[in-house]
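# A closer look at the structure
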Amino acid sequence: MSPDAPTTPRARARAAFQADLLAVARARIAAEGAAQLSLRAVARDLGVASSAVYRYVESRDALLTMLLVESYDEVAEACEAALARAVDAAAAPGQTWLAVGRAFRTWAVEHRHSYELIYGTPVPGYAAPQDTVPHATRVWAAVAAPLLDAHARGVLGPSPADGRSDDLVDPFAVELAREMAGVAGRLARGAVPSDAAAALVVRSFSLFEALLGALSAELFGHLHRVVADPARAFDVTLATVAAGVGLRVDLAG
């Protein structure tokens, strides 16, 4: 039994109801979109009174937050697992980036509505609370890790970002990125170079933005009748943007 598993009948019943609640909410979002989510509709699908749902979640926004956190953690776990396998295999940094990106794509294709919830059109009137940030930045740390690995190995090539990193992003984002760089460094099993942190952060933004752009183009139909093989086109995109930030990806390997 997992150490976090509920141990009492009451706790197990609560956990089971919450799992059903989230499953029904996800189904609602898949059918109607996140903007149409309501606790009344979720309660009706569960076959319970609205008051029963309110004992578990205080509002529609609170339910959306639970779904966001769940989705962020799911995609992060997929990317972190791919990163760990690549690190264990002593893969080249560029190939590690490709493995992380492919894991992200696999999750997104299999969980399209979850992808849309966290990376698609914002829900009108909803603002994610600050405590979702650690969950949201886990993927960024996995994306940044190959860059830190390449820098530590001395194989990170030049980038247009060099010398252009100062004052590029909001100070809050800089501090957050520096904190998450520590996580990325541990994931890559390498030290975070303080003198190069700003430039590496900017490069990681390019990787992350390309990841979202490639997936959004594919999942939202912008590549329809444009590419014959979406998976291979995705790999080419990852290799192209990697070259721009100093990583070499071998697509023949």
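Above this note sits the structure.
So, here is what we can say about the structure in this document. (Residues numbered from 1 in each chain as written. Predicted model: local features only at pLDDT ≥ 70, side-chain atom pairs only at ≥ 80, totals over all residues. Heavy atoms only, no water.)

For the rest of this paragraph, the subject is the layout of surface pockets. The volume enclosed by the second largest pocket comes to roughly 160 Å³. Contributing to the lining of the second largest pocket are Ile-29, Glu-32, Gly-33, Ala-34, Ala-35, His-113, Glu-116, Leu-117, Gly-120, Thr-121, Val-123 and Phe-220. Elements represented by at least two residues in the lining of the second largest pocket include exactly α1 (9–32) and α6 (112–119). Broken down by element, the lining of the second largest pocket gets its largest block of residues, 3 residues, from α6. Looking at side-chain class alone, the lining of the second largest pocket contains 6 nonpolar, 4 polar and 2 charged residues. (1 Å grid on protein atoms, 1.4 Å probe; cavity = no way out; pocket = protein on both sides within 12 Å on 5 of 7 lines; lining within 4 Å. Points joined across faces, edges and corners; volume = space filled by probe spheres on them. Helix = DSSP H or I, 4+ residues; strand = E, 2+ residues; numbered from the N terminus. Nonpolar A, V, L, I, M, F, W, Y, C, P; charged D, E, K, R; others polar.)

Take the environment of Tyr-119 next. Position of Tyr-119 relative to the elements: it lies in helix α6. Residue classification places Tyr-119 among the buried positions, given a relative accessible area of 15%. Residues Tyr-119 and Tyr-72, 47 residues apart in the sequence, show an inter-C-alpha distance of 9.8 Å. Excluding anything up to four places from it in sequence, Tyr-119 contacts Tyr-72, Val-75, Phe-104, Val-139, Phe-208 and Leu-212. (Buried < 20%, exposed > 50% of the residue type's maximum accessible area, 1.4 Å probe, protein only. Contact = heavy atoms within 4.5 Å.)

None of this, on its own, says anything about what the molecule does.
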